[in-house]
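# Structure assessment
The primary structure of each chain is shown beneath.
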Amino acid sequence: MGREQHLGDLEQLVLLAVVRLGKDAYGASVRRELRSRAGRSVAVSTVYVTLMRLEEKGLVRSGLGAPTAVRGGKAKRHFRVTEAGVERLQEERAVLRRMWDGLDDALRPADAHGR
Amino acid sequence: MAADPRPPRSASALIRLLLPLELEQAILGDLSEEYAERVKESGRRRAAAWFWLQAITLRPLRLRRALRALNGAWHPGGRSPIHTSLRHLMEALVQTMRHATRRLLKTPGFTAIAVLSLGLGIGANTAAFTLVSAIFLGDDGIAEPERAAQVYRAFDSPYWSISWNDYRAMRDDLGGVFTHTTAHRLRTMRVGDSDEVIPALLVSGDYFGVMGVPPRVGRPFVPGEDTDVDAGPEVVILSHGFWMRRFAGDPGVVGREIRLNARPVTVVGILPPGFEGAAIGIGVDVFVPDAGAVASPGSDNLIGGVRLADGVSMEQARAALAAVAASLNEGRPESLRPIAFTVVPESEVAVHPGIDEAVLPMAALLFAVVVLVLLIACTNLASFLLTRAADRKKEFAVRIAMGAGRGRIVSQLLTESMVLGVLGGVLGVGLAYGGLTLLLSMPLPLPVGLRLDIAPDLRVLLFTLGVSLLAGVAFGSAPALQASRAEVAPTLRDEAGSVTGGRRKLSLRGTLVMAQVAMSVVLLVGGGLFLRSLGRAANVDAGFNPDDVAVVTVDPGTTAYEEEEGRRLYRDLLERTRQIPGVTTVALGTRIPLQVGIGRGFGLRRPDVEPVPGREFLFPQVAFVSPDYFEALDIEVLRGRAFTDADDGAGSVPLILTEAAVAALWGDPREDVVGRSLVVSRADGAGRVVGVARSTKIVSLGEDPEPMLYLPIGRFHQGAALLIAEGSGPPSARAAAMRAAAKELAPDLYVHSAMTAEASAGAALLLPRLGAGVLAGFGALAMLMAAIGLYGVVSYTVAQRRREVGIRLSLGATAEEVVRMMMASGMGVVGLGLLVGLVAAAAAGRLLERFLFGVSGMDPVTFLLVPVFLLAVAFVAAWIPARRASRVQPSEALRAE
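Residues numbered from 1 in each chain as written. Chains lettered and ligands numbered in written order. Predicted model: local features only at pLDDT ≥ 70, side-chain atom pairs only at ≥ 80, totals over all residues. Heavy atoms only, no water.

The next point concerns the overall build of chain B. Along chain B, the regular secondary structure elements total 26 helices and 22 strands. The proportion of buried residues among the 897 residues of chain B is 48%. Once local pairs closer than 6 in sequence are excluded, the contacts in chain B between residues at least 24 apart make up 80%. Accessible surface computed for chain B: about 40,500 Å², of which carbon and sulfur atoms make up 60%. (Helix = DSSP H or I, 4+ residues; strand = E, 2+ residues; numbered from the N terminus. Buried < 20%, exposed > 50% of the residue type's maximum accessible area, 1.4 Å probe, protein only. Contact = heavy atoms within 4.5 Å. Areas by Shrake-Rupley, 256 points an atom, 1.4 Å probe, with all protein chains shown as cover.)

If you tally the helices and strands in chain A, you get five helices and two strands. Each helix and strand of chain A, placed in order from N terminus to C terminus, yields the pattern α-α-α-β-β-α-α. By the burial criterion, 37% of the 115 residues in chain A qualify as buried. With an accessible surface of roughly 7,000 Å², chain A has 51% of that area assigned to carbon and sulfur atoms.

Okay, the interface of chain B and chain A next. The interface of chain B with chain A comprises 31 residues on the first partner and 25 residues on the second. When the buried surface of chain B facing chain A is broken down by residue, Asp30, Glu33 and Trp74 of chain B rank first, second and third, together holding 26% of it. Linking chain B to chain A there are six salt bridges. Where chain B packs against chain A, one counts 13 residue pairs in polar contact (both at pLDDT 80 or more). Elements with a contribution of two residues or more to the side of chain B that touches chain A: α2 (21–57) and α3 (60–69) of chain B. For the side of chain B that touches chain A, the leading source of residues is α2 of chain B, giving 16 residues. Grouping the constituent residues of the side of chain B that touches chain A by class yields 15 nonpolar, seven polar and nine charged. (Buried area = accessible area lost by both parts, 1.4 Å probe. Salt bridge = Lys/Arg side-chain N within 4 Å of Asp/Glu carboxyl O. Polar contact = N/O pair within 3.5 Å; in protein donor to acceptor, adjacent residues only side chain to side chain. Nonpolar A, V, L, I, M, F, W, Y, C, P; charged D, E, K, R; others polar.)

This part covers a nonpolar patch on the surface. Residue and element names in this part refer to chain B. There is a patch of nonpolar side chains on the surface, built from Tyr791, Phe875, Val876, Trp879 and Ile880 and spanning about 440 Å² of accessible area. As for its placement among the helices and strands, Tyr791 is situated in helix α22 (residues 766–800). Tyr791 sits in the partly exposed class, given a relative accessible area of 33%. (Patch = residues over 30% accessible without salt bridge, like charges linked within 9 Å, V, L, I, M, F, W, Y side chains within 5 Å.)

Position of Arg64 of chain B among the secondary structure elements: in helix α3. If sequence neighbours within four positions are ignored, Arg64 of chain B has contacts with Leu18, Leu19, Pro20 and Glu91 of chain B.

Taken N-terminus to C-terminus, the directions of helix α3 (residues 44–56) of chain A and α2 of chain B make an angle of 150°; their axes are 10 Å apart at the nearest point. It follows from the interaxial angle that α3 of chain A and α2 of chain B lie roughly antiparallel. At the point where α3 of chain A passes α2 of chain B, the crossing takes the right-handed sense. Touching Val44, Ser45, Tyr48 and Met52 of chain A of α3 of chain A are Leu23, Ala26, Ile27, Asp30, Leu31, Gln54 and Thr57 of chain B, all from α2 of chain B. (Axes fitted to C-alpha atoms, helices over the stretch in contact; angles between N-to-C directions. Parallel < 35°, antiparallel > 145°, perpendicular 65-115°, else oblique. Left-handed = near helix turned anticlockwise from the far one by under 90°.)

All names here are of chain B. There is a patch of like positive charges on the surface, built from Arg59, Arg65, Arg68, Arg102 and Lys106. Within the residue set of the positive patch, elements represented by two or more residues are α3 and α4 (84–106). With respect to the element layout, Arg65 can be found in helix α3. Accessibility expressed as a relative area gives 48% for Arg65, which makes it partly exposed. (Lys, Arg positive; Asp, Glu negative; His and termini not counted. Charge placed at Lys NZ, Arg CZ, Asp CG, Glu CD.)

On to a negative patch on the surface, then. Residues and elements named next belong to chain B. On the surface, a cluster of negative charge is contributed by Asp547, Asp548, Glu631, Asp634 and Glu758. Here Asp548 is to be found in the loop between α16 (503–538) and β12 (549–554). Look at Asp548 and you get partly exposed, because its relative accessible area is 37%.

Here the focus is the nonpolar core. By size, the foremost hydrophobic cluster in this structure holds 54 residues, and its most contacted members are Val517, Leu523, Leu790 and Leu870 of chain B. Where this core is concerned, the elements lending two or more residues are α5 (108–136), α11 (353–391), α16, α22, α23 (802–810), α24 (815–848) and α25 (860–886) of chain B. Contact partners of Leu790 of chain B, with chain neighbours within four places excluded, come to Val513, Gly826, Val830, Ala874, Ala877 and Ala878 of chain B. Grouped together as the second largest cluster of nonpolar side chains are 43 residues, Val47 of chain A together with Leu18, Leu19 and Leu67 of chain B included. (Core = buried A, V, L, I, M, F, W, Y, C linked by side-chain atoms within 4.5 Å.)

Our next topic: helix α1 (residues 9–21) of chain A. Residue and element names in this part refer to chain A. End to end, α1 covers 19 Å across 13 residues, agreeing with the expected 18 Å (1.5 Å per residue, within 8%). Every buried residue belonging to α1 is among Leu10, Glu11, Gln12, Val14, Leu15, Ala17, Val18 and Leu21, and all of these are buried. On its buried side, α1 packs onto α2 (27–38), α3, β1 (60–64), β2 (77–81) and α4 (83–100). Just past α1, the residue Gly22 takes up positive phi, approximately 60°. (Expected span 1.5 Å × (residues − 1).)

A few words on the pairing of strand β21 (residues 721–727) of chain B. Walk down a regular strand and you will see the side chains alternate between the two sheet faces. Residue and element names in this part refer to chain B. Most of β21 sits out of view: seven of its seven residues are buried. Burial of β21 is two-sided: the residues Ala721, Leu723, Ala725 and Gly727 facing one way and the residues Leu722, Ile724 and Glu726 facing the other way are all buried. Here six bridges tie β12 to β21, and the two strands are oriented antiparallel to one another. Looking across to β21, one finds that Thr553 is bridged to Leu722. With six bridges joining them, strand β13 (residues 583–589) and β21 adopt antiparallel strand pairing. Paired with Val583 across the strands is Gly727, a residue of β21. (Pairing = 2+ DSSP bridges.)

This prediction gives chain A a mean pLDDT of 85; 90% of its residues lie at or above 70. Model confidence for chain A, summarised as mean pLDDT per element, is weakest for helix α5 (residues 111–114) of chain A at 48 and strongest for α1 of chain A at 94. (pLDDT = per-residue confidence, 0-100.)

A few words now on unusual backbone geometry. We note that Glu144 of chain B has phi near 45°; this positive angle belongs to a residue other than glycine. One can find Glu144 of chain B in the loop between α5 and β1 (148–153).

On to the pattern of salt bridges. Oppositely charged side chains can form a pair if their charged atoms are brought close together. Per the stated rule, a full pass over the model turns up 30 salt bridges over all chains. In this structure, the salt-bridge partner of Asp30 of chain B is Arg71 of chain A, at a minimum N-O distance of 2.6 Å. A residue pair is termed interchain when its members come from two chains, as with Asp30 of chain B in helix α2 and Arg71 of chain A in the loop between β1 and β2. Neither Asp30 of chain B nor Arg71 of chain A differs from the other in exposure class; each is buried. The shortest N-O distance in the salt bridge between Arg670 of chain B and Asp668 of chain B comes to 3.8 Å.

Next comes the structure, spelled out in structure tokens:
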């Protein structure tokens, strides 16, 4: 895996949020998801910069929706995960699994002192 | 569905301007959506604040970069109401700012010095402007201040206090000229059971009518409350600020009882915000009717106040009061000076007319200093920018040759100076408020702390921003224009390498250095004069010895002690304090030397001379003291004796005079007057001199010896006194022990301001210290800047004349000759600057003379030392870069082309 292909922490979280939100993934909902689920409050600019970077890498695609009355007549830009995006997430999860494998005992909280 | 709330329009416009078109729909829509949610959750105001924060923290450049990487994959949907050219302009501006910031960050040293010097200049100016505007342009909240006036009696000064009798005549003799009349005096009062004292105004008559400020809640005082001592419960009106601080704005406090000076008083009203008495800086917390004034109608301790009726001019008011004075003078003994009133419109008074007159020249001095500092900062910035422009000449020539527009280069340089100017401005505002807070927290020789509004006020902010932008643009444009005018060809040929190059630029930079040197001479001479003045003042024989003396103020009067209890308490206090380890002498006194305070209630007259009309009695300063007072403070009793406990009894009043008082009464300070009688204006009139003490400085070190009278405190009981203890060991620890002992003896006794006599006397040195500190500090700074500028000039010369130096060296010149030649150009400029500076400093010294003590404005020591010192600094600053010239390798220098 090339260096520039590696997913950053925030990129990974944003990508997961896009997958989870499905048809309803756009800037504000992704931000909400990051806040409620990951407890991370991320600035608007940062979310969009991350989304654009993901799109540049081909992991999401986006399109402008129809203008709605709710948001001051502004259209939403919707995001969907691509095949490549799904694959990348699976790879990332596999990497994490391998790294976690067999560490459950070592990371049990009270053990360190008991020995 | 109900229409969603619209986010703040101006913030939306800002976001639109900052965002590229492709992101506008998505991001502005998202933010509007969240705004609507937040309005529901936490209200419109917090939501708007959040929205603004989003606008300000938007990262347009990062967004643009990411967008560019997408290669146009995102299309803007719909049409934006913001015109494209405006958006481009904004983008260009953001771009230029970023470029400027990046360029500035490449030379962090240069940027730091430029921002720092600008910040100091702007900070000093903001501080001075804020302070002066807080005092002289501040709003004291009086309605139509030009229709109200303060009334004083013209006596030793035009602003002597009036008596209650004067006030009554003003009030009763005039129909139709004034709508309201009042008299008032400022005191401090102890609130509740704490040791906190607050400024209190004791008022007679219709004070709030004169000020045009009726209470917002409750009622004003009613007639009779100020004169009828037995009229029932005492009342108080609170200032808005005090009500908020002390009672958290609880409206239920009206009608409730609070304790002032340990007496219950009923709150009857609360004033509107913005009015805390007519004197700016004092901040009166409570207003109470002055029932005590009528009890001693003859004593001069009030300030009068009137409000003119409609159609009455200030001149008519003066004439009317002159008539009142004439009627008061009728039947007044001819030997007494006739009464005359001074009338000052409220609109012309900031603190007190006498204080205003003293403060104005100091404010002018402060302004002169800070303007000089800003000038130095600006010349400094200009010479830095010139250097930079010269260094980058080649870069610009290349860019112009490659087709860059001159406008673009000029605008880039301008933006750089603007960025510097704004950064300097921000730093300056911060420095100013830090400095002012520090200044206001300094201990002042005043009974209550200064209360000035130094919060950022729009005027000050605009003023500083204007100054900083102006400085940036003015000094940025000169080098920018010069740079863009650069001819392409000769610069590319490396003009700097030619033998004759660069003379004109050097002379411009030389002029700047010369100006800097001149200005630092002026500031340093000023600082030096104040330092010398401080030295003189510290060596003045004040006539007493404050070393090893601790002082605490005890105030049984504020705890409603009756006189007998008070006397007993004083006796117990003396006894108890004597038992504190290390204490050798204990005394009581109403004042110690070098303290602000007035007490002139006792007139003295020789029975054997015919009184001079208008000057019947001599009114010396008065101190009430216990027997050991003179020993505790090492005030020498020259003839006769100090007081004894026997002096407390009845009979003629025992008097101790100072030599100055003896001189004032008998014409000769050495006259042996012990045992002689004097007529005293109070206490049955009979007095007898028992001793003569050395004169001490009374209020300030600069004063000539003033007549002073000591009276036994045991005979004339005083509601408050200083407990004075001399002894061994640190006085501050002793002061704390004394305070604790007093509290132990009488837990409800009000004990405050425990301090050493030295600290108290040190307050008298405040002005010379402040002057020396400010001027010498800024002077040193100016000198540093001039030194840096000089360093720059000489290194520039060295770089410019490298080729010439190479030739000279190869023709056999020695290294020393080369160094001397390089330094000569720099030192010539310094010499010229010194000359100009000394002439200006001589003029400034004349103006400074009124602030100096014991030093002439042309003090030869200062005028000799400052140039020598400056020359030494300049020599080093020029020598360091000049030395570099001697290390030039001839072969390299000649090959450089």
